[in-house]
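The chain contents come next:
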Amino acid sequence: MEQYDQLYRLYEDMDTATLRAYQEFVDLFPPLDSPITLEQWGEIKEELEGRKAVVAEQFPVTGETYAEIAARLTRDEAFTALDLYTKHDRAVNVLVLDVDETLRSAGYTDNEIPRNTLHLLTEFHEAGVPIVVCTGQTLENVKGFTIQGLGNDIVSSGSVSIVYESGNGVFTPGHGPDTKRLLYEDLDPAIVGVFDAVRRRVLSEAPEGFAHRVHLQGNEFNVTLKPNAEIGSETAVEVIDEGVGYLCDLIGRVVADETETALDRPAAAARTYFGRDPEIRAVFEDDEAVDVDLDAVPEAFLDVLERIDVGYYEGDAVELVSLELDKAAGVEAALDVLDIADPFALVMGDSKSDLRVMEWVAERDAGIAAAPDHASSGVLAHVRSHDDLVFEAGDATSVLRVAYGSRLLAALDDRRP
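Please read these numbers as outputs of a predicted model, since none were measured by experiment. (Residues numbered from 1 in each chain as written. Predicted model: local features only at pLDDT ≥ 70, side-chain atom pairs only at ≥ 80, totals over all residues. Heavy atoms only, no water.)

*Asks:* Looking at this model, I keep getting lost on the sheet that holds strand β12 (residues 389-391). Mind explaining?
*Replies:* Whether parallel or antiparallel, the strands of a sheet pair through hydrogen bonds between backbone atoms. One open sheet accounts for eight strands, arranged β5-β4-β3-β2-β1-β10-β11-β12; its pairing is mixed. A strand with exactly one partner marks an edge of an open sheet, and here the two such strands are β5 (180-182) and β12. Within the sheet, the average angular offset between the axes of one strand and its neighbour, ignoring direction, is 15°. Looking at chain direction, strand β1 (residues 94-97) and strand β2 (residues 131-134) are connected through three bridges and run parallel. Across the sheet, residue Leu95 finds its bridge partner in β2, namely Ile131. Packed onto the sheet, helix α15 (residues 327-337) meets β1, β2, β3 (160-164), β4 (169-171) and β5 and runs at close to 155° relative to β3. (Pairing = 2+ DSSP bridges. Helix = DSSP H or I, 4+ residues; strand = E, 2+ residues; numbered from the N terminus. Axes fitted to C-alpha atoms, helices over the stretch in contact; angles between N-to-C directions. Contact = heavy atoms within 4.5 Å.)

Encoded structure:
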């Protein structure tokens, strides 16, 4: 209870709001080449250090750590950090981060990762915490915005790994022959054949009105359709909803061809199979009922469907992915390359592909999960049933601060006799 009592006194007796404002200014508004600006920045930094010193004097032994907590975390964040550390008796030692609609949001951050989020990620890096960026995007896209946001020195440091295309590949600069692992090369050739055929046919066989409204994302392995409209717009939602049905239909036809399965309605069978997902089923509600008896479908056809999945991201994308190469498989490979034998990860994400990572971590007691409040129902159910780390859209920094605070508290315990 001593830690709780001291935290309570810290936020009750100290002007932590002003302290955080000074810290944010110093962190996010570095001095420019103007002598006047440099002088003002120096004055504010000096004031910050003075206020931290006042806090440190009030808390013998723990003072410097508590000053740092007060300068970076709100009261609620600090107590959440202490709750997490008390519950798990461990602090986060690796970050596993989805990007789109998690670190950045089209509707809340103009699809940019906020500066305070990027700064905090650099703080984790400087503290020796590896970062795994885990996304469905192509490697080139991810490399571009991570280098732009974090800088080439951090991305190439050897402690940053990129799991791309939802786990088909892992890119970890600075690790020699392990720098790039193409996990899809180890898949069953029969599954690879289905992906190749879908990719080859997905645009050529699309209805004309639909084909002109989408494009094929330049993936190495996954087959991803993106709208030719602004992501999240009413038009994009309409196009992607149509794309879910079309992609399921095409998969059904391709699997029947590849497995040489005689099936009267392979497209309808695929819609029925993938429609077991509540989000996809909801898209089909306005269509004719899809109720194929899957028990009557040949085993060879179902065997392939059981090894693949259709990812649906409203107003953003619809894609064919392998269940044998999901984000969890990519994260496991990334942790191996980074040589993290005993991970305790903070996993942040919003979709069912992120949920698989959260479940993988939970099964191994290897971390905690967090999600934005607009995440899929399955993700929110998982997060709320564990540590309830749900944050407002566009405010991923709040959970990152909690994780940062738990590390400060853990380090404080490590220094005690």
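Back to the text.
*Asks:* How should the pattern of salt bridges be read in this particular structure?
*Replies:* Once the charged atoms of two side chains with opposite charge are near each other, the side chains can pair. Inspection of the entire model under this criterion finds 32 salt bridges. Salt-bridge contacts for Arg199 lead to Asp196; the nearest nitrogen and oxygen are separated by 3.2 Å. With Arg199 and Asp196 both in helix α9 (residues 189-201), this residue pair falls three residues apart, about one helical turn. Judged by its relative accessible area of 24%, Arg199 is partly exposed. What makes Asp196 partly exposed here is its relative accessible area of 36%. Here the salt bridges do not stand alone but share partners, grouping Asp27, Lys52, Glu68, Arg72 and Glu123 into one network. (Salt bridge = Lys/Arg side-chain N within 4 Å of Asp/Glu carboxyl O. Buried < 20%, exposed > 50% of the residue type's maximum accessible area, 1.4 Å probe, protein only.)

*Asks:* What am I meant to see in the sheet that holds strand β8 (residues 308-313) here?
*Replies:* Taken together, the four strands give an open sheet; going across it, the order is β6-β7-β9-β8, and neighbouring strands pair in antiparallel fashion. Every interior strand has two partners, whereas the edge strands, β6 (214-216) and β8, have only one. Neighbour-to-neighbour, the strand axes of this sheet turn through a mean angle of 20°, independent of strand direction. Relative to strand β7 (residues 223-227), β6 runs antiparallel, the two sharing three bridges. From the neighbouring strand, Leu216 faces β7, where its bridge partner is Leu225. Where α9 meets the sheet, it contacts β6, β7, β8 and β9 (317-322), and its direction lies at approximately 155° from that of β9.

*Asks:* Help me understand unusual backbone geometry in this model?
*Replies:* Glycine aside, a negative phi is what most residues show, and trans is what most peptide bonds show. A positive phi is found at Asp89, a non-glycine position, where the angle reads about 55°. The phi dihedral of Ser166 falls on the positive side, at around 55°, and the residue is not glycine.

*Asks:* Can you help me understand the packing of helix α11 (residues 234-259) against helix α12 (residues 266-274) in this one?
*Replies:* Each pair of packed helices gets described by two things: the angle between the helix axes and the distance between those axes. Direction vectors running N to C along α11 and α12 enclose 120°, while the axes themselves pass 7 Å from each other. Judged by the inter-axis angle, α11 sits oblique to α12. α12 is crossed by α11, and the crossing has right-handed handedness. Of α12, the residues touching α11 (which contributes Gly245, Tyr246, Cys248, Asp249, Ile251, Gly252, Arg253 and Ala256) are Pro266, Ala267, Ala270, Arg271 and Phe274. (Parallel < 35°, antiparallel > 145°, perpendicular 65-115°, else oblique. Left-handed = near helix turned anticlockwise from the far one by under 90°.)

*Asks:* Just to check I follow, could you spell out the layout of surface pockets for this structure?
*Replies:* Regions of empty space are outlined by a rolling probe, equal in size to a water molecule, passed over the atoms. In this model, the largest pocket occupies a volume close to 930 Å³. In terms of lining, the largest pocket is formed by 36 residues, of which the most central are Glu101, Tyr313, Glu314, Asp316 and Asp350. Contributing elements (two or more residues each) for the lining of the largest pocket: β7, α13 (278-284), β8, β9 and α16 (352-363). When grouped by side-chain class, the residues that make up the lining of the largest pocket number ten nonpolar, 14 polar and twelve charged. In this structure, the second largest pocket spans a volume of roughly 260 Å³. Surrounding the second largest pocket, 13 residues form its lining, Glu24, Ala71, Arg72, Asn116 and Arg401 being those nearest its centre. Of all elements in the fold, only α2 (16-28), α4 (63-72), α6 (115-126) and α18 (396-415) reach the threshold of two or more residues within the lining of the second largest pocket. Sorting elements by how many residues they give to the lining of the second largest pocket places α2 first, with five residues. When grouped by side-chain class, the residues that make up the lining of the second largest pocket number three nonpolar, five polar and five charged. (1 Å grid on protein atoms, 1.4 Å probe; cavity = no way out; pocket = protein on both sides within 12 Å on 5 of 7 lines; lining within 4 Å. Points joined across faces, edges and corners; volume = space filled by probe spheres on them. Nonpolar A, V, L, I, M, F, W, Y, C, P; charged D, E, K, R; others polar.)

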